[in-house]
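# Structural features, examined
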Amino acid sequence: MHNAEGKIFQPYGAELLGPLIGSCQNGETLKLDVRALSPLLIPLKPLRDGTPIIAIDVSSIRLGETETGILCAIRGTIVSNKNRRYRYLRIGPFPFHLTEENKKEILIPLEQDSSTQPRALTLQETPGHLCNIIERWIQMGVSCSASGSVILWDGSLAAGTAGDPINVVSQILKTARENSNSVSSFAKATNIRFLGKRITDLVLRHKPPCLFEVEDLPLSISKTANLLGKIHVAKLSAGGYPFRVDIDRALDCEDRIMAVQRLLGNELIFQGYPETLRLAHIFSTFTANDVIGIQRFITQKYGLKVIMRPSIRKTLFGPFGTGYED
Amino acid sequence: MRLFKKAGNTIHILSFPGEDVAKGGYLIIEDHKAEKAMISQVIDIQFANVPGVMEELLREPGSEDSIQGEEIDPLDIMSQILYIQDARLLVCKIYGTIEDGKLRLENSWLPSRAHSTIRKLPTEALIKLAGITKGFPINLGETQETSPIIIDACELDGKLNIVTGKKGTGKSHLSKLLVLGLVEHGATVAVLDLNGEYTNLGLTPDGDKNEYYDHIRVLAPGKNFKVTLAHASLYVVMRILTYAMELPGTSSREFRHIWRFLDEQNMLTLHELGEAIKRWQCNQHVKDAMFSRYYTLAHSNFFTDNMAEAVDFETLLRKTDVNGGGAVVINLSDTSPSDRQIVVEYVLAKLQESLSQWRIRAVFLFAEEAHLYLRETYWDDIVTRMRHFGVFTTFITNQPDTIRENIYRQADNVFLFNFINERDLEIIARAAKVDAETAISIVRDLPPHHCLALGRVVNDFPIVVKVRPLNIRTMGQTRLFFTEKRTNKIVG
């Protein structure tokens, strides 16, 4: 952040701010007789054995820009649930000033895999990449320190993209297994389709709780994606939503099912989603109040001069000019 | 503090934790470039509408929540986030502008958001600036910053004042303070004391004589306050008969004839009056009407033929004036409602008569819960005609709707104590000498013994006053059944 000292700072309006990670798109679906897929369905029985549930989530937010770069902040949260007693550890927020000049300097020391090439990233991609690095760093910490737990991540267990090097994610999962943990990830949205139908729609008519192993089906997933988890669709509660759930591929089938059953038995499932993961998301997310507070902090601490550049979008399109300035 | 918004005479200021500003306090907004400063009063303190606060509060675990946790925040950014959460919006009313060191009642200019500095204006400084304390000081008590607030008795002179607030907030206490303040400066004060609260103004809390003792005269109608018909005069008695006893016109005419007859014969006594009515040749209905009023007068015990026990009210007021001022307290607490009207009518008519003939200078009249004894037409009379004669009234009431809106409008000074009832607040807001928002917002939160002083006494700068205690024996406290002893349960 020190490289931002005394610079001109154009803060983003708190109400326009959104997370850096994009959302999924909806698509047309085809009619499919889901009854034909019933043999792939695994009914679940909750296993209440006191297994701790630990969830991790990391959020990032753009705070504004300077003449030379982007200001963003990242915050991570770990929430644990042992016998329905929830505790959280919130790490951050950490503000960053990312420029073309310093992005390498910031990213390389944080990378757990030195083979990644941060120079290949655009400045706009850098905050997301940084967010992934910090998320993996927290996940590694949890995998090392927890034992006999069900660890929940947000998103998927796919790796191989910038910030998610396959060997780093594999190492985290390996460490987790060595400590008798099982890692699963819950994706709030998925684009994976089977015969044009979103995979989460396949279990809509099935009685919960159930798990549906879909990986052997011909899915619309990129063959280049390094899937470190087996893809499932889980419908965990009546009236709840089905979710794509990736479970550590290195676990055998029985352990994978056991992991979900332990989650069912030891966790509060609200609308089909684990409460621990929901809390992790809530605690890490930046509110508009957070953004104003962080903007104030960096303005005071680093002597930034706040300016409000005229919005080209607003100038051109009036009330129809929404979204970030490009 | 930062200037946020101005609309009309309302100004919104952002304030942050640590900038301790109280409702009712004054701020000065100094625009150094414009070389002007704006004076505004904080009438409400709200949370600033910071986006995202709802989400922030919802996710913060409360003490009773099952979720607990800790923060690793090496940069201590959370303190900034909490600081923003506690940001406040001060709603202020503009009361004037200082330019070239002079105070002007102007609020049309707009101070700069970027270059203005905002700071608290101590009420003490405002009092000095507005010239509130002058020649004849009456110490009311303290301001919110505990500096003394001293008003000028001249601002009560020739003025109409109202003291109002809900029960038990200290209205009568302030009235006593004003009475004694006026007495100190040699004024003549008449108090229509409905509940006998002013009877001990001359005594200390221990029952000893205080410094006012020689200047306080308590008159109890029917006991030490009796008058003769000769002292009363036809004008006064006719007013009693007409307004307090509703004697019809024809009967009034006959009564006047009887009075003049007795006066010519030098036989103007209560006994002779009864005899004369009995003997008078007139219509029987008229005679009956006069008789019934005569009996009411005779049985009120307020009139007497015994000169030794009679009080010449006018002489008493004149003596009070000559002897350096004092308060004549008319204790109406043991007087029946019908007799009360006779006494009040007598006092007011006598005052008007004496003042109109310049036999006394001026009288400050304090009337507690006046709606219980003042006839409808008297209100306008008091605030318009009698004021010119030299009766300067202070109405004290806990029912603001008993005072008509036009009376409020003509009031020069209003002392508002706490009100919670929406209807009461609405009434005072409509009528008080300040904008409705200020009155409602400040008065609603006033603690007991605090009032909002409005009008001439504070040079039209509303000031919250903590009324000082008095060295007198209190009588205005409500009598209670459950005293400490009585609360012991009867066992067995």
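Residues numbered from 1 in each chain as written. Chains lettered and ligands numbered in written order. Predicted model: local features only at pLDDT ≥ 70, side-chain atom pairs only at ≥ 80, totals over all residues.

## As for the nonpolar core
Among the nonpolar cores identified, the biggest contains 128 residues, and B:Val179, B:Val189, B:Val191, B:Val329, B:Ile330, B:Leu416 and B:Cys451 are the most heavily contacted of them. A total of 9 residues in this core trace back to one element, the largest contributor, which is helix α10 (residues 337-356) of chain B. Ignoring any residue separated from it by four or fewer positions in sequence, one finds B:Val179 in contact with B:Val189, B:Val191, B:Tyr198, B:Leu201, B:Ala327 and B:Phe366. A:Val58, A:Leu63, A:Cys72 and A:Ala259 belong to the second largest nonpolar core, which has 83 residues in total. (Core = buried A, V, L, I, M, F, W, Y, C linked by C-beta atoms within 7 Å. Buried ≥ 20, exposed ≤ 12 C-beta atoms within 10 Å, placed from the backbone. Helix = DSSP H or I, 4+ residues; strand = E, 2+ residues; numbered from the N terminus. Contact = placed C-beta atoms within 7 Å.)

## Things to note about the interface of chain B and chain A
Counting residues at the interface gives 20 residues for chain B and 23 residues for chain A. Those elements giving two or more residues to the side of chain B that touches chain A turn out to be α1 (53-59), β5 (68-72) and α2 (77-85) of chain B. For the side of chain B that touches chain A, the class distribution of residues is 8 nonpolar, 6 polar and 6 charged. (Nonpolar A, V, L, I, M, F, W, Y, C, P; charged D, E, K, R; others polar.)

## Some points on the environment of B:Gly52
All names here are of chain B. Secondary-structure assignment places Gly52 in the loop between β4 (36-47) and α1. Since 22 C-beta atoms lie within 10 Å of it, Gly52 is described here as buried. When the C-alpha positions of Gly52 and Gln85 are compared, they lie 9.1 Å apart, and in sequence the two are 33 residues distant.

## Comments concerning the domain arrangement of chain B
Domain boundaries assigned for chain B yield domain 1 (2-121), domain 2 (137-225 + 311-467) and domain 3 (234-298). With centres defined by C-alpha atoms, the gap from domain 1 of chain B to domain 3 of chain B works out at 70 Å. (Domains from an automatic or database assignment.)

## Looking at the pairing of strand β5 (residues 85-99) of chain A
Here strand β4 (residues 69-82) of chain A runs beside β5(A); their pairing, made up of 13 bridges, is antiparallel. Counted as the bridge partner of A:Lys82 is A:Arg85 from β5(A). Counted between consecutive antiparallel strands, the loop separating β4(A) from β5(A) contains 2 residues, among which A:Asn83 sits at a positive phi close to 50 degrees. By the bridge criterion, 5 bridges tie β5(A) to β5(B) in an arrangement that is parallel. Bridged to A:Leu89 within β5(B) is B:Glu70. (Pairing = 2+ DSSP bridges.)

## A short note on the packing of helix α2 (residues 126-145) of chain A against helix α3 (residues 166-178) of chain A
Residue and element names in this part refer to chain A. Relative orientation of the contacting elements α2 and α3 amounts to 20 degrees, with a least axis distance of 8 Å. For the element pair α2 / α3, the angle class is roughly parallel. α2 and α3 meet at a crossing whose hand is left-handed. Of α3, the residues touching α2 (which contributes Arg136, Gln139, Met140, Ser143 and Cys144) are Val168, Val169, Ile172, Thr175 and Ala176. Tallied by class, the residues present in the contact of α2 with α3 amount to 6 nonpolar, 3 polar and 1 charged. (Axes fitted to C-alpha atoms, helices over the stretch in contact; angles between N-to-C directions. Parallel < 35°, antiparallel > 145°, perpendicular 65-115°, else oblique. Left-handed = near helix turned anticlockwise from the far one by under 90°.)

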